[in-house]
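Architecture and fold: a report
Chain by chain, the residues run as shown.
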Amino acid sequence: MSGDSKLPGERSFLDGLEKRHRRGRLWKIFFATSIIIALLALAALFLNVINETFGSIAIQYEIDPLELTGGRPLDEVTDEELVAIIHQQLGRRFLVILRDELSVVDPSEFTTRPVEDVFEGQAYPEGTGELLINELSDDDVQFILLNNVSRPKLEALLLSQVAKEDIVQSWPLDWALFRFEMSEETRQQIDDIQAQIAQLSSQIDDLDRHVEDYDQQKDLLEAQLDDLERALIELKNSSVQARHYVDFPDAELIRYHSWLDSVFLITPMSSFPEYAGIRTAILGTVYIIVLVLFISLPIGVGAAIYLEEYANDNWFNRVMETNIRNLAGVPSIIYGILGLAILVRVFAPITSGALFGFNVPQQTEARITYNIGRAIGYDVLPDVGYRALILGFEREQLSTLEVDNVLTALSENELARFTANMDAGQYAAFAAAFLNIALPEPDENILAVPVENQRLADADFRRLVEAFFSFRQPSLIDFGLPSQDRFEQAVNESVTVTQLTPEQYNALVNELRQYSRLTLNGRTILAAALTLALLILPIIIINTQEAIRAVPASYREASYGLGATQWQTIWRTILPTAIPGILTGTILAISRAIGETAPLIVVGASTFIAVDPDGLFAKFTALPIQIWQWSTRPQAEFRNIAAAAIIVLLVLMLLLNATAIILRNRFSKRH
Amino acid sequence: MLVEQRISHIHEYTIGAPIQAIKSTTSDLRARPRIHERLIKLLLLLCGAISILTTIGLVAILGQESLSFFTRVSWEDSNKQIVVDLSATAVDNILKVSQSGAVIDSEVIRLDDEELRVISIEGDTITVERGYNNTEIAPHRAGIDIYTADTVSLIEFFTGTEWSPQVGKFGVLPLVNATLMTSFIAMLVAIPLGMGAAIYMSEYARPKVRAVIKPVLEILAGIPTVVFGFFALTFMTPLLRSIFGIHNVEIFNTASAGIVVGLLITPLISSMAEDALSAVPQSLREASYGLGATRLETTIKVVLPAATSGIIAAFIVAISRAIGETMIVAIAAGSGPNFTFNPFAAAETMTGHIARISGGDLSYDSIDYNSIFAIGMTLFMMTFALNMFSRRVIARFREQY
Amino acid sequence: MAAVQKPLNPKSVVTGLAVELRNVSVFYSDYRAVANVSLPIRRNKITAFIGPSGCGKSTVLRSINRMNDLVSGARVEGEIIYNGHNLYAPHVDPVEVRRRIGMVFQKPNPFPKSIFDNVAYAPRLLGIRDRNTLMQIVERSLRQAALWDEVKSDLNKSGLALSGGQQQRLCIARAIAVEPDVILMDEPASALDPIATQRIEELMRELQEHYTIVIVTHNMQQAQRVSDYTAFFNIRKAVQNGVETRWGELVEYGETAQVFNAPRQEETADYIAGRFG
C-alpha cells in the first residue's frame, strides 16, 4: 500500500508539522493581540478621561484679592465686610447675583414679584416681604446675600465675580504626577537664557536704529535669538513648574486640581470653563430619561406582547416584525431628523406646550411693541440699539457673565450713541433687557414716542399692537403654521389697511412670521424625549420579545388549563415571569438613550442654558450635548471639564447598569 | 409578592367564590364576547403599529423634504438684459437679449416678478411663454436683468464634487467620500481586531477567560459615542500627529476619526462573529482534529468557511454602523466639506454635516434645512440597504445548519 | 512541538499489536469516567467495543487518538502504547497522533465543502498542492470507501448533498486519504438505515486488509458480524459518603466468537442474552 502512496515521507511530514505548529503559534499571538489591543483601547479611553479631569492649574486674578480687602488675608475679613466689598464693586450687578443664586421665581419675574415670593423659604429683612426688589435699600439686599449664602460661597463669589480669577493654564494629570517639578538647573538655564534674550533683543533694537551696514550682524544676532527662544520653549515645556516660572510667574500654581467636584455638579453653565458646571445638563438628562422611560416602556412592552402572544402569521404582522428589526439599525441621527421635521416642526404647538398654555412668549411686551413699531417704521431707533436689545433679550438664556460679552460686543461709542437717543421707555426696555427685568405692560412712553416719519395715528398703532397680541396663544387651528390669514383679517378689522404702505404691511407680516417661529419653539424636553423614545423603542420591543419567548410554554398551558383568558394568562403569568428580562432589556436601552447625542443636536438641544429646566416644555441641554460642546472648544480648560462631564455620564450609566443587574437578581430569586 | 398575587387570585376562584355559582354558569359553553380582551388586543396592536408609523413618517418626511430640496428654485442673475420693452400681453412673447448668442441654460426665466417658460432660443432672440407658473403677466422695461432658474438636479447632487450652499453648489460627493473614508479606515481597524478577538474567544480562550473578556468588550460597545469622539480628538489625533508629524496631520482628520470608529465597532464585529463561529457544530471541529489538523488549520479551513455568512453579516452591520456614526466624526473629522482622499486632512462626513448645520437655530424655509433631508435620505438608503442585505445573509446562515 | 526521538513508523515495528492500552483511566475534572482499562488492539483486525450506554466505551475510543484533549478538564492516566511509544508521553504531538490514528464519528460530519475538498482536506494539510496528486489520492480513497462509482461524476457537489450512508462513507474516505494506521469508528452506522449500515459493514471488512479498525457499537449483532475481537465494558457503581458514583470498566476481552459464544464472565453473558442494559 505504501508503494503507491502520494503522501509525503516521514521526514518531510515531521518538518511540515513543525512549520504548521509554528504558524499556529504565530496566529494565536495575533488573535490574542487583537483582544489585548481592544482592552488597551478601553484602558486608554478611561485613562485619557481621568488624565484630563485631574491635573495642575495656574490661576491669575484680574484684581488682586488683597487689594480688595485692603491688604488683609481673606480669612481675616468678616462676612459682612465681604458682602459690602462685593456690593461696592459690583454696583447694580449685585442684584444679578441675588437673582442667579437665590431667586426661586422665573428670572423674568425677579423684579415684578414681591420679595417674599422671590426669596421664598430664605431669609430677608423683616418688613420687606411685600416690597419689590428694586425698592430695597442697600443694607437690605446685602442682608439677603449675607444670610442665605455660606462663607465658602461668599469667598467664591468675591474671587469669581469681583477679583475675576482666571485659570491661565492647565496641565493634565500625568504632568502633575511626573513632570511637575522644575530642577534648579533648569531654572538656572531659564534665567540665563532669558537674560541673554533680553540682551540680544536690546542689541538688535540698537542695531535697528543704525544703518543697514549692520544688517549682517543683525541677522547673526537674530539667528542666535531664535536659537535661544527655541531652547527656552523646550525648557519651559519640560515641566509644569518651568512653564509656570516662565509664562505665568504671578499666577498661583496648584498641583492637583480636580475639575470634577461638588461645585461642578451643582453649578449651571457658564462660558468660562472655571465657573461652568453641569447642573442644567444633569437635570436635562434626568428629565429626558424619565420621560423616555414612561413613554417607551409601556408602548414597547405592549408591542412585544402583541407580536409574541396575539399576532398570527399574516403579512401585516410579518411586515411589522421586519420593520422593527430594520428600525433598530437606522442611524440615530436619522431619528433626529425625524424628530426635527415632525415633533419639533409639525407638532410644534404640542411640543412647545403652547397648546396647553405654556411657553407663551417670554419676550416682554415692551419688546414686541418695539418690534412692531420698528417693522412698520413707526419707531426709528438706530440699528445698533436694536442689536443691543436683541442680544439683551436673548440673555434670558445667558449667565451673568455673558452680559459682559454682550456689553463688550457693543463699543462704548455705540452704547453711548444708542442710550443718548433713548427716551425713558426705550431706556426702560433696554435696562430690562440687560437685567432681564420684565416690564409689566407695553410702556406708555414707547407708544407715545414722537418720531418724524410716523405715519399712523397713535390710536391705530395701538390697535395694531393689540391685534398682534391677540395671536399670542396659538390654537390647534394654527397647527404648525402662523395663522397669517387670520392675522390679516384681524389687522384689516383693527386698522384701516390703506393707512399702511405695502412695505409696512409686508414688514408687519414678516414680523409676525418671525414672532410665531420664536413663540412656537418645539425644541423642548418633550420633543427630545419623544425622539429618543422612538429611537429605543425597537430595542425595548426586541428585548421584551426575547424575555417573553423565554417563558416556558408549560406556564402558559397551565394557566389556560385553569380556565384563564388570554389576557389573564399574559397579565398574571407571562409578564411576572418575564419581568426580569424586560427590566434588564429596558435599562440597557435607557442607558443607550442617555449617551445619545446626535439626535438631540438635530432636534435642537440648546448649547447654552443656565436656567434649570422647569417642565416638559423647557428648552434643554443634556450631558452628552455639553461634552460635545466642550470637546470642540479650542481651550484646554474646556477639555478638562468635558472630561469631568464624561466621568459623570459614565458613572450615571454604571449606576443604571448596576440597577439592572440588582433588579434582575432580585426578581430571578423570586421565581 | 408576585407569587402571592397569583395565589390570592386562585383563592378567589376556588375558595372565595361559591362553587355553586361556577357550576351554574359552566353548563353554558357558548362563547361570550370578551369586549375588554378585544380592546386590549387592539391597544397592543396600536403599540406595535407605532413602529410602522415611525417608518412611514421617516420615509414620508425624508421623501417630501428631499423633494422640496430638489425642486426648490433659486434665481440667479444671468447678467443679461432684455433690450426691448415687453407689454403686459401674452402674445408679446419674443425677447431680444443684450448679448448676441445668449446662453440661457434654464427652462424657466424670470423678469421682475413674472416667470417665463423658454420655448426656443435663436441667436439673441428668445421665444417664451408668458405668465408661467400662474405668475401675473406684467410689462417689463428694456434693460432689466434676466434671472435664470437654478434647481439642484439629481445628477448634480450625486456627481458634484463641491458642497457649498452659499454659492449654490450641492454636490454630495465630498460628504459621501468622507463618510466612506472614515468607514473604510474603521473597517481596516475593526475587521482584523474584531475577527482576531472573535476567533480567540471562540476557538482558543478557556471558558473562564472568555467569561471575563466578553463583558469587558461589551463595556467598550456601551460607551457613548460622544466619549469616543472626545477620545479621538484628545488622544488619537495627538498620537497620530506625534507619529506622522505635526505638519502632515491636521487637527481634524478622517484617519483619527476612522480609527476610533473602528474601535467602536470592533466589539460589534467580535460579538457577532463569535456568535457565528460558536454556532459552527462541534462535530466539524472534531472531524478536522480527527484528520490531524492543528487548531489554526481547523479554525481557518473549517470553522471560518462554515461561519462565512454570519461573519459577512457582522461586517455589513458594522459598516452600516460606521456610516451612520455621528459624534466621533462630528468632533474629530472636521467641519467643512472637503473632497480629498488624504486621511490626514479634515473632511466632513454626511452625518457630521447634518449635526453641524442642524446644531444652531435652523430656519425651516432655508435650503440648509431641506438639504439635511436630502443627505439624510442618502444616508438612510445606504444603511437601510446594508441592513436588509445583512438580514438576508443571516437568514441564509440560519438555514445552513 | 516537542521533538519526537523515534518516528512513529508502523512499518518499523514487527508486532501483532497496533495499539495497546495499559491501565488506562479517563477523568473529566475530578470525575473518573473509566477506570483501569488494559486491552490489546491487534493489527489489521477489527476490534469492537460493546457495552451499555455510559459504560465509557466511546471515551476509551476517543482517548486512543487523543480526541479527549479537546475537552477541557479531560485527563488520561495510564499508558496507550503505539509502536512502542506512549501516546500520552509529554513530547508526543496529538496532531501527529491523529494523522496516524484516524477517526470516523457517530453522525456523518462532512465539511460544508465539495466532495473533492472533503477528501483532499487532510492531504492538503500535509502540504500537497498538486491537483493531479490530490485527484489520485481522492480517487483511491473514494474507491477504497466504495463511494467512487456513485460520486465520480460530480466531485464538486457539496458533501452535505449526499445521503446519510454516502456521507458516512465520504467521512471514511476522508479519514483514509492520509493512509492512517488505525481507524477509530464511533458507532459509525447508528444514524443510518439498515441498507446503508450493511454497506458500511462490508466496507469495514474490505478496509481491514489495509487498516486496523476499532469500532464502538451498541448493536451486538453488528459486533458479532464484523469484528474479530470484542471488548465488553460495563458500568460500576459505588456509594461513598452517601453519594453514588458511576464509572466504566472493561469486563471481558477476547475473540469475538469466544465472547459471544462462551463468555467467561457471567455479566457478559447476561448482557449478551439481553438480560440487562
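Notes on the structure follow.

About the cut-offs
- Residues numbered from 1 in each chain as written.
- Chains lettered and ligands numbered in written order.
- Predicted model: local features only at pLDDT ≥ 70, side-chain atom pairs only at ≥ 80, totals over all residues.
- Heavy atoms only, no water.
- Pairing = 2+ DSSP bridges.
- Helix = DSSP H or I, 4+ residues; strand = E, 2+ residues; numbered from the N terminus.
- Axes fitted to C-alpha atoms, helices over the stretch in contact; angles between N-to-C directions.
- Expected span 1.5 Å × (residues − 1).
- Buried < 20%, exposed > 50% of the residue type's maximum accessible area, 1.4 Å probe, protein only.
- Arc of directions from axis to C-beta.
- Contact = heavy atoms within 4.5 Å.
- Parallel < 35°, antiparallel > 145°, perpendicular 65-115°, else oblique.
- Left-handed = near helix turned anticlockwise from the far one by under 90°.
- Nonpolar A, V, L, I, M, F, W, Y, C, P; charged D, E, K, R; others polar.
- Patch = residues over 30% accessible without salt bridge, like charges linked within 9 Å, V, L, I, M, F, W, Y side chains within 5 Å.
- Areas by Shrake-Rupley, 256 points an atom, 1.4 Å probe, with all protein chains shown as cover.
- Salt bridge = Lys/Arg side-chain N within 4 Å of Asp/Glu carboxyl O.
- Lys, Arg positive; Asp, Glu negative; His and termini not counted.
- Charge placed at Lys NZ, Arg CZ, Asp CG, Glu CD.
- Polar contact = N/O pair within 3.5 Å; in protein donor to acceptor, adjacent residues only side chain to side chain.
- Buried area = accessible area lost by both parts, 1.4 Å probe.
- Phe/Tyr/Trp six-rings, centres within 6.5 Å; stacked < 30°, edge-to-face > 60°.
- Lys NZ or Arg CZ within 6 Å of the ring centre and 35° of its normal.

Let's talk about the sheet that holds strand 6 (residues 145–150) of chain B
Residue and element names in this part refer to chain B. Read from one edge to the other, the open sheet built from six strands follows the order 1-6-3-4-5-2, with strand pairing classed as antiparallel. Edge positions in the open sheet fall to strand 1 (74–81) and strand 2 (94–96), since each of these has one partner strand only. Neighbour-to-neighbour, the strand axes of this sheet turn through a mean angle of 40°, independent of strand direction. Here strand 3 (residues 108–111) pairs with strand 4 (residues 114–122) via four bridges, running antiparallel.

A few points about helix 7 (residues 194–207) of chain C
All names here are of chain C. The terminal C-alpha atoms of helix 7 lie 20 Å apart, and with 14 residues this matches the ideal 20 Å at 1.5 Å per residue to within 8%. Looking at helix 7, one finds that the buried residues are Ala196, Thr197, Ile200, Glu201, Leu203, Met204 and Leu207. Looking straight down helix 7, one finds that the buried residues subtend no more than 160° of arc, so they occupy a single side. Facing away from the buried surface of helix 7 by more than 90 degrees, the exposed residues are Pro194 and Ile195. Looking at the buried positions of helix 7, the neighbouring elements they touch are strand 3 (46–50), helix 4 (131–144), helix 6 (164–176), strand 7 (182–186), strand 8 (212–216) and helix 8 (220–226).

Thoughts on the packing of helix 4 of chain C against helix 6 of chain C
Residues and elements named next belong to chain C. Running from N to C, helix 4 and helix 6 cross one another at 130°; their axes reach a closest spacing of 8 Å. Overall, the two elements helix 4 and helix 6 adopt an arrangement that is oblique. Here helix 4 and helix 6 pass one another in a crossing that is right-handed. Contacts from Arg140, Ser141, Leu142 and Gln144 of helix 4 reach helix 6 at Leu170, Ala173 and Ile176. Class assignment for the residues of the contact of helix 4 with helix 6 results in four nonpolar, two polar and one charged.

Looking at a positive patch on the surface
Taken together, the side chains of Lys19, Arg22, Arg23 and Arg25 of chain A together with Arg129 of chain C define a basic patch exposed on the protein surface. Tracing the backbone through its elements, the reader meets Arg22 of chain A in helix 1 (residues 10–53).

Quick notes on the pattern of salt bridges
Between side chains of opposite charge, a pair can form when the charged atoms approach closely. Residues and elements named next belong to chain C. Counted by the stated rule, this structure contains 38 salt bridges over all chains. For Arg236, the salt bridge identified is with Glu249, shortest N-O distance 3.3 Å. With a gap of 13 residues between them, Arg236 in strand 9 (residues 229–240) and Glu249 in strand 10 (residues 243–255) connect regions that are remote in the sequence. Ionic pairing is found between Arg246 and Glu244, a salt bridge with its closest N-O pair at 3.5 Å.

A short note on the interface of chain A and chain B
Every contact between the two is made by 81 residues of chain A and, on the other side, 82 residues of chain B. Applying the counting rule to chain A against chain B returns two salt bridges. Ionic pairing is found between Glu297 of chain B and Arg20 of chain A, a salt bridge with its closest N-O pair at 2.5 Å. There are eight residue pairs in polar contact (both at pLDDT 80 or more) connecting chain A and chain B. Classifying every residue of the side of chain A that touches chain B by side-chain character gives 53 nonpolar, 17 polar and eleven charged.

Section: the interface of chain B and chain C
Between chain B and chain C, the contact holds 19 residues from the first and 21 residues from the second. Between chain B and chain C, a total of about 1700 Å² is buried, with carbon and sulfur atoms accounting for 67% of that surface. Summed over the three residues of chain B that lose the most area to chain C, namely Glu286, Leu291 and Lys301 of chain B, the buried surface amounts to 36% of that side. On inspection of chain B and its partner chain C, the count reaches one salt bridge. Glu286 of chain B is paired through a salt bridge with Arg62 of chain C; the nearest N and O atoms lie 2.5 Å apart. Applying the counting rule to chain B against chain C returns four residue pairs in polar contact (both at pLDDT 80 or more). Only helix 9 (282–290) and helix 10 (295–306) of chain B provide two or more residues apiece to the side of chain B that touches chain C. With seven residues, the top contributor of residues to the side of chain B that touches chain C is helix 9 of chain B. Residue classes in the side of chain B that touches chain C are distributed as nine nonpolar, seven polar and three charged.

Considerations on the side chain of Glu348 of chain B
Residues and elements named next belong to chain B. Its place among the elements puts Glu348 in the loop between helix 12 (327–332) and helix 13 (350–359). Only 2.8 Å separates the side chain of Glu348 from the side chain of His353, close enough to count as a polar contact. When sequence neighbours within four positions are dropped, the list of residues in contact with Glu348 reads Pro174, Leu175, Ala178, Gly334, Ser335, Gly336, Pro337, Asn338, His353 and Arg356.

Describing the packing of aromatic side chains
Within a pair of aromatic rings, the relevant descriptors are the distance that separates the centres and the angle that separates the planes. Enumeration over the complete set of coordinates arrives at 26 aromatic pairs over all chains. A centroid spacing of 5.4 Å and a plane angle of 90° characterise the contact between Trp163 of chain B and Phe170 of chain B, whose relative ring orientation is edge-to-face. Chaining the aromatic ring pairs together yields one cluster made of Phe69, Phe70, Phe157, Phe158, Trp163 and Phe170 of chain B. The positively charged end of Arg187 of chain A is found above the aromatic ring belonging to Tyr245 of chain A, 4.8 Å away from the centroid.

Some points on unusual backbone geometry
Residues and elements named next belong to chain C. Positive phi outside glycine occurs at Ser29, with the angle close to 55°. For Arg66, which is not glycine, the phi torsion reads 60° and is therefore positive. Along the chain, Arg66 falls in the loop between helix 1 (57–64) and strand 4 (74–82). Judged by its relative accessible area of 12%, Arg66 falls in the buried class.

Notes on a negative patch on the surface
Residue and element names in this part refer to chain A. Taken together, Asp215, Asp219, Glu222, Asp226 and Glu229 make up a surface patch of like negative charges. The residue Glu222 is located in helix 10 (residues 215–236) in this model. Given the relative accessible area of 31%, Glu222 is considered partly exposed.

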